[in-house]
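Listed below, chain by chain, are the residues.
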Amino acid sequence: MSAKEMKARFHRRQFLQFSGLGLALTAGGQVMQVVAADHSDTSTLSAYITVGRDGLITIGAPNPEVGQGVNTSLPMIIAEELDAAWRDVQVVNTPVDAAHYGAQFAGGSLSVPMRWDELRQVGATARAMLLQAASAEMGVPPAELSTLDSRVIHEASGRSLSYSELAHGASEVPLPDADSVALKSAEQYRLLGKRITNASAAAIAQGESLFGIDVQVPNMVYASYVKCPHIGGRPVSANLDEIKAQRGVIDAFILEGEPGPYQFDIRNSIKVSPGVAIVARDTWTAMRARKLLKVRWNTEPASGDDSEQIAAAAKAAVGRLEQATMISSAGDANQALLDAKTHSRAFYSADFVSHAQLEPQSCVAQVTAQSAEVWTSSQTPSAVDQLLPGLLSLPAEAVTIHSVRGGGGFGRRLSNEYVYEAALISQRVGLPVKVQWSREDDMAFDYFRSALYLDMEGGVSDEGRLAAWKLHVIAGSSDKEEANYGGTYRERDFPEKRVPNYNIATTLIPSQTPTGAWRAPFSNIYAFAEQSFLCELAAAAGRDYRDFLLDLLGEDEWFKDGDRNALNTARAKGVINAACAAAQWGRSLPEGRGLGLAFFFSHAGHVAEVAEVSVDADKRLIVHDVWVAADVGQVINLSGVENQIEGSVVDGLSAMADQRITIREGRIQETNFDTYPLLRMPKAPKIHVQMLASGYSPTGAGEPALPPLAPAVGNAVFAACGERIRELPISKAGFMV
Amino acid sequence: MPFKVTINGELTDVSHIDPDTPLLWALRDHMGLVGTKYGCGIAQCGACTVWLNGDPARACQLPLGQLEGRSITTVEGLAGDALHPVQQAWVEHDVAQCGYCQAGQIMSAAALLARDPAPSEEAIDRAMAGNICRCGTYVRIRKAIQSASSAIQSGVAFFDPGEPDLAASPVDSMEVRS
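Residues numbered from 1 in each chain as written. Chains lettered and ligands numbered in written order. Predicted model: local features only at pLDDT ≥ 70, side-chain atom pairs only at ≥ 80, totals over all residues.

Re the overall build of chain B
Counting its secondary structure elements, chain B contains six helices and five strands. Its helices and strands taken in sequence order, chain B reads β-β-α-β-β-β-α-α-α-α-α from the N to the C terminus. By the burial criterion, 56% of the 178 residues in chain B qualify as buried. The long-range share in chain B, meaning contacts at least 24 apart out of those at least 6 apart in sequence, stands at 63%. (Helix = DSSP H or I, 4+ residues; strand = E, 2+ residues; numbered from the N terminus. Buried ≥ 20, exposed ≤ 12 C-beta atoms within 10 Å, placed from the backbone. Contact = placed C-beta atoms within 7 Å.)

Details of the domain arrangement of chain A
All names here are of chain A. For chain A, the assigned domains read domain 1 (3-191), domain 2 (213-302 + 361-436) and domain 3 (307-354 + 448-733). For domain 2 versus domain 3, the distance between C-alpha centres works out to 37 Å. Taken residue by residue, the interface counts 13 residues in domain 2 and 15 residues in domain 3. Residue composition of the side of domain 2 that touches domain 3, grouped by class: eight nonpolar, five polar and no charged. (Domains from an automatic or database assignment. Nonpolar A, V, L, I, M, F, W, Y, C, P; charged D, E, K, R; others polar.)

A few points about the domain arrangement of chain B
Residue and element names in this part refer to chain B. Once the domains are mapped, chain B shows domain 1 (4-77) and domain 2 (85-167). Distance between the C-alpha centres of domain 1 and domain 2: 21 Å. On the side of domain 2, eleven residues touch domain 1, which itself brings 14 residues to the contact. Secondary structure elements with two or more residues in the side of domain 1 that touches domain 2: strand E3 (49-52) and strand E4 (55-58). Ranked by the residues each element gives to the side of domain 1 that touches domain 2, the list is headed by E3, at three residues. Within the side of domain 1 that touches domain 2, the residues separate by chemical class into seven nonpolar, five polar and two charged.

Remarks on the interface of chain A and chain B
Every contact between the two is made by 62 residues of chain A and, on the other side, 55 residues of chain B. Those elements that provide at least two residues to the side of chain A that touches chain B are strand E4 (89-93), helix H6 (201-205), helix H8 (283-291), helix H17 (638-658) and strand E27 (686-691) of chain A. Ranked by residues supplied to the side of chain A that touches chain B, first place goes to H17(A) with seven residues.

Remarks on the sheet that holds strand E10 (residues 249-255) of chain A
Residue and element names in this part refer to chain A. Strand order in the open sheet formed by seven strands is E10-E11-E8-E18-E15-E16-E17, and the pairing between neighbours is mixed. Bordering the open sheet on either side are E10 and strand E17 (399-403), each of which pairs with just one other strand. Along the sheet, successive strands turn relative to each other by an average axial angle of 20°, direction set aside. Looking at chain direction, strand E8 (residues 221-227) and strand E18 (residues 433-436) are connected through three bridges and run parallel. When the bridges of E18 are listed, Val-221 appears paired with Val-433. Against the sheet, helix H12 (residues 417-429) engages E8, E10, strand E11 (275-280), strand E15 (362-367), strand E16 (372-376) and E18, with an angle of about 35° to E15. (Pairing = 2+ DSSP bridges. Axes fitted to C-alpha atoms, helices over the stretch in contact; angles between N-to-C directions.)

Focus on the environment of A:Leu130
All names here are of chain A. Checked against the element boundaries, Leu-130 lands in helix H4 (residues 111-138). Among the residues examined, Leu-130 registers 31 C-beta atoms within 10 Å and is labelled buried. Expressed as a C-alpha distance, the spacing of Leu-130 and Arg-345, which sit 215 residues apart in the sequence, is 65 Å. Once you skip the residues sitting within four places of it in the chain, Leu-130 turns out to touch Val-152, Tyr-163, Leu-166 and Ala-170.

Here's the deal with the sheet that holds strand E7 (residues 159-162) of chain A
Residues and elements named next belong to chain A. In space, the three strands of this open sheet follow the order E5-E6-E7, with antiparallel pairing throughout. Where the open sheet ends on each side, the last strands, each with one partner, are strand E5 (145-148) and E7. Put simply, the sheet's adjacent strands are angled 25° from each other on average, direction ignored. As paired elements, E5 and strand E6 (residues 151-154) share four bridges and run antiparallel to each other. Note that in E6 the partner of Leu-145 across the bridge is His-154. Packing of helix H5 (residues 163-170) onto the sheet brings it into contact with E6 and E7, and relative to E7 it is tilted by some 70°.

Structure, rendered in structure tokens:
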């Protein structure tokens, strides 16, 4: 397979994966574009690179930045191949423009792997053009030239020219043929794999205007948008005249929108929930007026969900496999269970949780009869770019999307309803509008992490090996056809490929509550169940969990031929051994203290985590240390990857401890951080991260370190006190972090 | 009668703003000082932490009308000619992910070091417990506070904004980080 075919195949596969997430946009930006030949003080070498006469090299970051570090890591890839000195680099956000930058989104831990080939090519092509220009300038063949720290060097004569001196000439060089441009090998990297400070670190530390919520445009007004607390209901009437009479209120009106709860659909959905818009001179005035708002709601179209009833329906479905849909099977799992030496069965469950990214949703929109401009922290600005013209009945070229830093994403900003709310309100009032959700809005109108229920059964043979595996996934569905987002079991291969007898089935139970992508969808719960239950099986068979897991992974191989994004058992064993070595697995610990191990493969990343936990008689637990070993291929920014992993550990602990969304009559009961607690600093463990250098292409790091945390802690609790935790959050079982 | 509050050392006329407006929204919507962030509105998350007469306070809970004659410091007013040692430590330790909570974290940390320049690990955890970071950067925040503490105690002013490399670029090599 040629490199080109590999690339096409890779892109296609990743896009298929992401399509499963609901977004199908055209792949692949134009790799290289010579835009302007002559600027007075800068020369543009591509849609990504501009070199100033002052030596400043401006590199565009094409994907939305929501804290995953791509405003640093993606430009680093270009800078590496360009041989630009990082101190000379200034990072800017590129425009949202599919013609030049392809699909711009942040999801599925895909930003780095999807841009890897493209951005290396961008950097290397620009470097080739600079070499061409230097060759002409110095009168020597390009083969005699090398590059280092933003300079082209002719070693033989000792002469050198800076990129800023060469940029104008380089911008007039014809675009070299892609196949003639050589990419570096990993040994040649000077920048990749090093710890580089986030490109926005100093601006963040000084409180500069960076985030979506910070955007201000001239004559802007502020809006609060009030939706029915019973998700999907619609306003019949409201005391709009009283609201409009409030000091500072500019307008108040009902937006008809589309009633009824709806599920996550970023590709097609320009739906806006019905509600009441209050437009005011500032945020506080809108929020204050809202306290006086009286709305008569029609809750007929609304969700009637009750989280206790959903959980009860799930329990009732356990064991009723005759009503379940079989997903896959091999051998005879039932017979193998009877034949097994030890046999275990357990029911695992997890409640709904909210994203609770710290910046509540907001969006600034400026819509006129002829044009629209929006500033958004969306994780899918390309989707907004495609869909907003239709919503506003404007031609595509009249709509401009600005991608602005988001205060956390975690999947919450993959949907764009807040953008469409702002656009419709601006269209109605004829002024630029910032729609500001309150924290309470943000918690009530989330696309939640789906609740999930897993009935698991397994058997271990006389030889101590997994001989039978049964999994019954019970998930909510709004249409009885497929699970709501986050509840669908997708082919995983592990452990199935290593178990001669298994069957996997699913049952859908009614649920209207909107769910969506929450960091490592499905895996975030499934890993807890799988890795806890495998540990249960090992314990029942009297085996050490590390040994059991290493045996189960078996011989070294890729789980899918030719797919370098599949599970690789050698990489899996590598991270398990590294994490266990760092944690000194097997050492003896005082009573009430234990080590727990978990391994999980998701988003093409192999991650093992070992937690050291102590538990007291009142079930208060302290997570002392977490050792993480991860293999995500070539590391781009070591500091950034370590930060993502440290954050995943904290986030995983935060969610498992005491986060749950409860629902009554379709209404979310938790409203703010007083009833929905996030982990605070005194509870944060010490975290030790090791990145394994496996020599493969980079894969994403935002998600794969989250799933193993909960089972590692659960397994450590079992080791410490003998009690097995089977529900999330663990506060439901009386445990307190 | 003009109504004045001292904001970052400057006596500022705020007569045009409704006096029941929380300081948070007055800063953000009327004064262009957007470093102070809205996270919860109920003093739970700490993203809006400012200093009121030198002590950390939640700007979402401070009606402007009660601040006459008081002195407010926001993250924008923390640096002098050079970055505050806490800000510098935040850059050195590459603390931020999304960065949204960090202004509040920095204001809490700088207030802690102002009253206790050499805090214990427990004192750091206690002082920072009111500031939530959803990205989970707590381990780096701890390290950054410890290194800012060392810098303050040794009296080192280790950031010179006049240095051409740093002034030219918002990024800096992390080779210095241990």
